[in-house]
Amino acid sequence: MKTTGLIALWLIALWLLSPYFALLGFASKASFTLPSFFATTLFTTISLIICVLFFAGGIGLLAAFTLHYVDLRHKKLLTVLLILPLTLPPYLLAFLWGDMLDGQGVVQQFYREMMGYKLRRDYWFFEPKSFAGAVFVFSLALYPYVFLTLQAYLKCLNPHYVASALSLGANRWQVLRRIPLKIATPALLAGLLMVGFETLNDIGVAKYSGVVTLPMMIMTKWQEQNNLGDASLLSLLIFGVIACGLWVQTRLLRHVKSAKAHNHHSTLFKPLGWRLWGVQSLLIMPAIFGFLMPLIYMLSLLKMSSFELKPMITSVIIAFFTAITALLFASALLMLQRRNAKVSMRLFALSYALPGSILGVGLLGVYIYIGGSWLLNSIIGLILGLSIRFLFQIYEQVQAASGAVSPHILLAAKSLGAKPLTRLWKIELPLLRPAFYSGVILVMIEAMKELPLTLMLRPIGYETLSLSIYDAVERGNLESVALNCLAMCLIGCISVWLLIRKNG
Amino acid sequence: MILKTLTALALLTLPALAQKSITLYTNREQGLIKPLLDEFTSKSGIKVEALYLNAGLLERLQLEGAQSKADVVIVTDVTIAELARERKLTSPLSPALLNTVGPQFKDEGGEWLGLSSRARVVYTSKERVKEQQITYSDLAHPKWKGKICIRQGQHPYNLGLIANAIALWGEAKTESWLLGVKANLARKPSGGDRDVARDIVSGLCDIGIGNLYYVGLMSQDEKQKEWVKTLNVLYPTFEGGGTHVNMSASFIPNSAPNKQEAASLLSFMLSEQAQAFFAQKNFETPVMKTIAPAVIFSDYGTMKPDPTSFKTMSQLREQASKLVEKTGFDQ
């Protein structure tokens, strides 16, 4: 690769790190004192993440394995349904479930009437505005990350392993435990990582549920105590801890090789009759709670709703260009990774580990510094910001898939005189197309839902679906934008359908 | 093909260029302020390009510096205006504008002024609470144990109230008051003011702290107006003082390219028409005495605002936030 090309790639990598430089600048003014109850907040945050990882991971793992190893009917439909909760922003899910389940919701009103209770405080009932409520919402909203990554990995698993193990006398459970579970560990960890980041960075659900987490503490430092320095420093510290964790994870998994996609399904269990229906019904439960029930509830609100087309179009445009930009960034990092095997380029894609608003203020600093306010007042600034935020999603997909590309093919092309760009264009890109494709769709879904960064970087006159929904949720008047919510679901459904259709 | 279609759609969504336009930075809810901006445009011919920012409004203004396009800023909370003044981001307002409002609603130096205010009141269950008067101190009394609902202490509405308490009682007394209120909570501070009303209706709590204007907004909602019928509103007072009110405020940044047009927007916001809109549609309390509050509130008696200055409360906000942290109110 020519020096100019390499410099261009490093400039892109540097651009991806630029918000951190701005944050370091802010943090240099920190008068750092740990806030009261810091330890409690840290404990609450870690507990929340662990609980969400347990439940979201459990649901995602069970769903992926059941779908792969059990002979079921309508597998494609089940796959689509299981991914659909990903299309709803967690804060919206929290609000909808809160509306359904709290003391004045339909469920408890019916319960009170049936049991003869007069007041909500006269009996025990699951409280949606609580720690458990937050875990419930996050688990439902985020398990598809684990499901998606595991499903993709299981397809890569050579079915002959399973067949050989069975022929050597292992029973089905032993096979399941010894082969796919072990091989799928990196995929499980990658899925869990995204779940962890999403939980860590959320403010909407935590605020609604009354759970004080670290990002809320950071926002309080900044917004209410007028201390951007401490807020930046605290964010960078969290980032540092996460980066170290990822480094350890990469070291631990360095011997695990990615497998080449075979796209085969192995069947270990063939339930019949009521067992088949039982398994299918259980499998569909996460989709019912995470998507179908909130959707039906939203439909019940429709009569009070109005709809504008412009936010929908704006959202699609922003999401599309965000995904394309993130794809370009991911490709640049991939090329750099090929040249520098020792430095993990993952670090450059880690903005996902920062709270959205903090990343936003970092970007504010960068935009002003490099280009004046034109970047701030244009849709380009928002798209660049969102693509930095969601780069991790696409980079992980592409990085995992690139591991499956045999280095011999690339070496052969190189020895035949193919230049780096030709190799990328003619060999790697076609081989990585499924990963790029799913990465692009995932980023589009995420960008459609994104809130904190969009709230800070949106240009004048632009309204998106997520902004209009958030505005209504803040006013406690979701009914007024129920149609916008449905539009968001619809676009999400189309994206998921495209994802499944292309990736099988 | 897809790219072409999307680009064409992007061009369609670009905001139309107006002949005369000003840029407004605001963190007010779009639904509450947009009708007024539209009305201003139809009257003056000046288009208002509003940028609705939830967080980072001041940082954006500060970082943009002289390049900022912001002509005028309207914020939900006067504290942001006071911070802007401290950071020297504001410019002096004309005496004509300042003379429209009373001294309590403007900066002494004439760099910001209030547009509307909101009282922080107590919602009670008509059926279960017989009290017709209450003080803020009463909220810490053990008789309310397990009966109070409130949103998070770190929310600006509550921080304003706590800052007001610090101004009147000092930090030590406010701290024990906060701990007393915390001990009386029926649930952890969460949700919004509407959730407080909702939880009183369901019987989770008997009383709650919320802004008065939500009662008006709820009365306009098909479902929520049924809740309002079961609620009473009391105007709590500080002993020897009045009811805490927080105020939305406005200022013209010193970098504003169109200061004159910005001043005409503020002048419109202080007109009888706009003030009546604040009162009748948003259910806020106008800053102009000549405009009557919404009729719906007449059942609840007359509110006497606490005389503590907005400037003092703004300056105590950081202390209030730290006190909320210290007492673990939200934990």
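In this numbering scheme, every chain counts its residues from 1 along its sequence in written order. All chains are assigned letters beginning at A, and all ligands numbers beginning at 1, according to the order in which they are written. In view of the model being predicted, local features appear only for residues whose pLDDT reaches at least 70, and side-chain atom pairs are presented and counted only at 80 or more, with totals across whole chains, interfaces and linings using the full set of residues. Hydrogens and waters are ignored; side-chain quantities use all the structure's heavy atoms.

Enquirer: Account for the overall build of chain A, with residues named and values stated.
Expert: Elements are defined by DSSP. Helices are runs of H or I of four residues or more, strands are runs of E of two residues or more, and each kind is numbered from the N terminus. A count of helical and extended segments in chain A gives 22 helices and 0 strands. The C-alpha radius of gyration of chain A comes to 23 Å, within 12% of the 23 Å expected for a compact globule of 504 residues. Expressed as lengths along the three principal axes of its C-alpha atoms, the size of chain A is roughly 80 × 65 × 45 Å. Residues count as neighbours in contact if any of their non-hydrogen atoms are within 4.5 Å of one another. Within chain A, contacts between residues at least 6 apart in sequence are counted, and of these 83% link residues at least 24 apart. Roughly 20900 Å² of accessible area belongs to chain A as shown, and the carbon and sulfur atoms make up 69% of that amount. Computed over 40 positive and 19 negative side-chain charges, the separation of the two mean positions in chain A equals 19 Å. In this description the radius of gyration comes from C-alpha coordinates, and the expected globular size is given by 2.2 Å times residues to the power 0.38. Throughout, the Shrake-Rupley method with a 1.4 Å probe supplies accessible areas, and for residues the shown protein chains are the sole cover considered. A residue counts as positive if it is Lys or Arg and as negative if it is Asp or Glu; His and the chain ends are not included. By convention, charge coordinates are those of NZ in Lys, CZ in Arg, CG in Asp, or CD in Glu.

Enquirer: Go over the overall build of chain B with me, naming the residues and quoting the values.
Expert: When helices and strands are tallied, chain B shows 14 helices and 9 strands. For a compact globule of 331 residues, the expected C-alpha radius of gyration is about 20 Å, and chain B comes in at 21 Å, within 12% of that figure. For chain B, the spread of C-alpha atoms along the principal axes amounts to about 60 × 50 × 40 Å. Taking all contacts inside chain B whose residues are at least 6 apart in sequence as the whole, residues at least 24 apart take part in 79%. In the form shown here, chain B has an accessible surface area of approximately 12700 Å², with 56% of it arising from carbon and sulfur atoms. Positive and negative side-chain charges in chain B, numbering 38 and 34 respectively, have mean positions lying 2 Å apart.

Enquirer: Let's hear about the interface of chain B and chain A: which residues, and what values?
Expert: Counting residues at the interface gives 68 residues for chain B, matched by 69 residues for chain A. Defined in terms of a 1.4 Å probe, buried area is the accessible area two parts forfeit on being brought together, summed over both. Between chain B and chain A lies a buried interface of about 5600 Å² when both sides are counted; carbon and sulfur atoms form 53% of it. Only one rule defines a salt bridge in this text: a Lys or Arg side-chain nitrogen within 4 Å of an Asp or Glu carboxyl oxygen. Counting across the interface, chain B meets chain A through 8 salt bridges. Throughout this description, a polar contact denotes any pair of N or O atoms lying within 3.5 Å of each other; where both atoms belong to protein, one of them has to be capable of donating a hydrogen while the other can accept it, and for residues adjacent in sequence the pair is counted only when both atoms sit in side chains. Where chain B touches chain A, the interface holds 17 residue pairs in polar contact (both at pLDDT 80 or more). Listing elements by their share of the side of chain B that touches chain A, those giving two or more residues are helix H1 (2-13), strand E1 (21-26), helix H2 (30-44), strand E2 (47-52), helix H3 (57-64), helix H6 (156-169), helix H8 (193-202) and helix H14 (317-327) of chain B. Polar here means any residue outside two lists: the nonpolar Ala, Val, Leu, Ile, Met, Phe, Trp, Tyr, Cys and Pro, and the charged Asp, Glu, Lys and Arg; Gly therefore counts as polar. When its residues are assigned to classes, the side of chain B that touches chain A shows 23 nonpolar, 19 polar and 26 charged.

Enquirer: Any details on the pairing of strand E3 (residues 72-75) of chain B? Residues and values, ideally.
Expert: Residue and element names in this part refer to chain B. In this scheme, a residue with accessible area under 20% of its type's maximum is buried, one over 50% is exposed, and one in between is partly exposed, where area comes from a 1.4 Å probe on protein chains only. On E3, burial covers both faces: Val72 and Ile74 on one face and Val73 and Val75 on the other are all buried. Of the strand pairs in this sheet, E1 and E3 are connected by 3 bridges, and their pairing is parallel. The partner of Tyr25 across the bridge, within E3, is Val73. Only when DSSP finds a minimum of two bridges between them are two strands counted as paired. Strand direction decides the pairing type here: E3 and strand E8 (residues 245-251), joined by 3 bridges, are antiparallel.

Enquirer: Could you give me a rundown of the side chain of Arg151(B), with the residues and numbers involved?
Expert: Along the chain, Arg151(B) falls in the loop between strand E5 (148-149) and H6. Its relative accessible area of 8% is what places Arg151(B) among the buried residues.

Enquirer: Explain the pairing of E8(B) to me, and be specific about the residues and the numbers.
Expert: Residues and elements named next belong to chain B. Counting buried positions over the 7 residues of E8 gives 7, a clear majority of the element. Burial along E8 is two-sided: the face carrying Val245, Met247, Ala249 and Phe251 and the face carrying Asn246, Ser248 and Ser250 are both buried. As judged from the 6 bridges shared by strand E4 (residues 113-125) and E8, these two strands associate in the antiparallel manner. Across the sheet, Arg118 pairs through a bridge with Asn246, a residue of E8.

Enquirer: Describe in detail the packing of aromatic side chains, supporting the description with residues and values.
Expert: All names here are of chain A. For Phe, Tyr and Trp, rings pair up if their centres lie within 6.5 Å, where Trp contributes its six-membered ring, and each pair is then called stacked (planes under 30 degrees apart), edge-to-face (over 60) or tilted (otherwise). By the definition in use, this model includes 28 aromatic pairs over all chains. Arranged with centres 5.4 Å apart and planes meeting at 65°, the rings of Phe197 and Phe392 form a pair that is edge-to-face. Of the two residues, Phe197 is situated in helix H10 (residues 185-201) and Phe392 in helix H17 (residues 379-403); the sequence distance between them amounts to 195 residues. The pair Phe197 / Phe392 is uniform in exposure class, with both members buried. Ring plane angle 25° and centroid distance 5.8 Å describe the contact between Tyr352 and Phe392, whose orientation is recorded as stacked. Here Phe392 lies in helix H17 and Tyr352 lies in the loop between helix H15 (309-339) and helix H16 (356-371), a separation of 40 residues in the sequence.

Enquirer: Outline empty space enclosed by the protein, supporting the account with residue identities and numerical values.
Expert: Where empty space is left becomes clear once a probe the size of a water molecule has been rolled over the atoms. Residue and element names in this part refer to chain B. Definitions used for this entry: grid spacing 1 Å over protein atoms alone; cavity, a set of points where a 1.4 Å probe fits but cannot get out; pocket, an open set with protein on both sides within 12 Å along at least 5 of 7 lines; lining residue, one with an atom within 4 Å of a point. Grid points are joined across faces, edges and corners, and a volume is the space filled by probe spheres set on the points. Under the counting rule described, the total for this entry stands at 6 cavities of 30 Å³ or more. Quantified by volume, the largest cavity comes out at close to 70 Å³. Lining the largest cavity are 13 residues, with Asp77, Val78, Thr79, Gly160 and Asn246 positioned closest to its centre. Counting residues per element, the ones that place at least two in the lining of the largest cavity are helix H4 (78-86), H6, E8 and helix H13 (310-315). Partitioned by chemical class, the residues of the lining of the largest cavity number 6 nonpolar, 5 polar and 2 charged.

Enquirer: I'd like a rundown of the packing of H2(B) against helix H12 (residues 272-280) of chain B, residues and numbers included.
Expert: Residue and element names in this part refer to chain B. Think of each axis as a best-fit line through the C-alpha atoms, taken over the contacting stretch in the case of a helix, with angles from 0 to 180 degrees between the N-to-C directions. Here H2 crosses H12 at 165°, and the two axes come no closer than 11 Å. Taken together, the axes of H2 and H12 are roughly antiparallel relative to one another. Seen from above, H2 lies across H12 with right-handed handedness. Packed against H2, whose contacting residues are Leu32, Pro35, Leu36, Glu39 and Lys43, the element H12 presents Gln273, Ala274, Phe277 and Phe278 at the interface. Residue composition of the contact of H2 with H12, grouped by class: 6 nonpolar, 1 polar and 2 charged. Just so you know how the angles are binned, under 35 degrees is roughly parallel, over 145 roughly antiparallel, 65 to 115 roughly perpendicular, and the rest oblique. Throughout, a crossing is termed right-handed when the near helix is turned clockwise from the far one, and left-handed when it is turned anticlockwise from it by less than a right angle.

Enquirer: Could you give me a rundown of the confidence of the model for chain B, with the residues and numbers involved?
Expert: Residues and elements named next belong to chain B. The quantity called pLDDT is the predictor's confidence in a given residue, expressed from 0 to 100. Predicted confidence across chain B gives a mean pLDDT of 90, with 94% of residues reaching 70 or more. For the stretch residues 6-18, pLDDT sits under 50, and the model shows 20 contacts to residues farther than four places along the chain or on other chains. Across the predicted assembly, pTM comes out at 0.87 and ipTM at 0.83.

Enquirer: Please give an account of the packing of helix H2 (residues 38-69) of chain A against helix H14 (residues 273-300) of chain A that cites residues and values.
Expert: Residues and elements named next belong to chain A. Interhelical geometry of H2 versus H14 gives an angle of 140° and a closest axis separation of 10 Å. Judged by the inter-axis angle, H2 sits oblique to H14. Here the hand of the crossing between H2 and H14 comes out left-handed. On H14, the residues that touch Ile59, Ala63, Thr66 and Leu67 of H2 are Val279, Leu283 and Pro286. In terms of residue class, the contact of H2 with H14 is built from 6 nonpolar, 1 polar and no charged.

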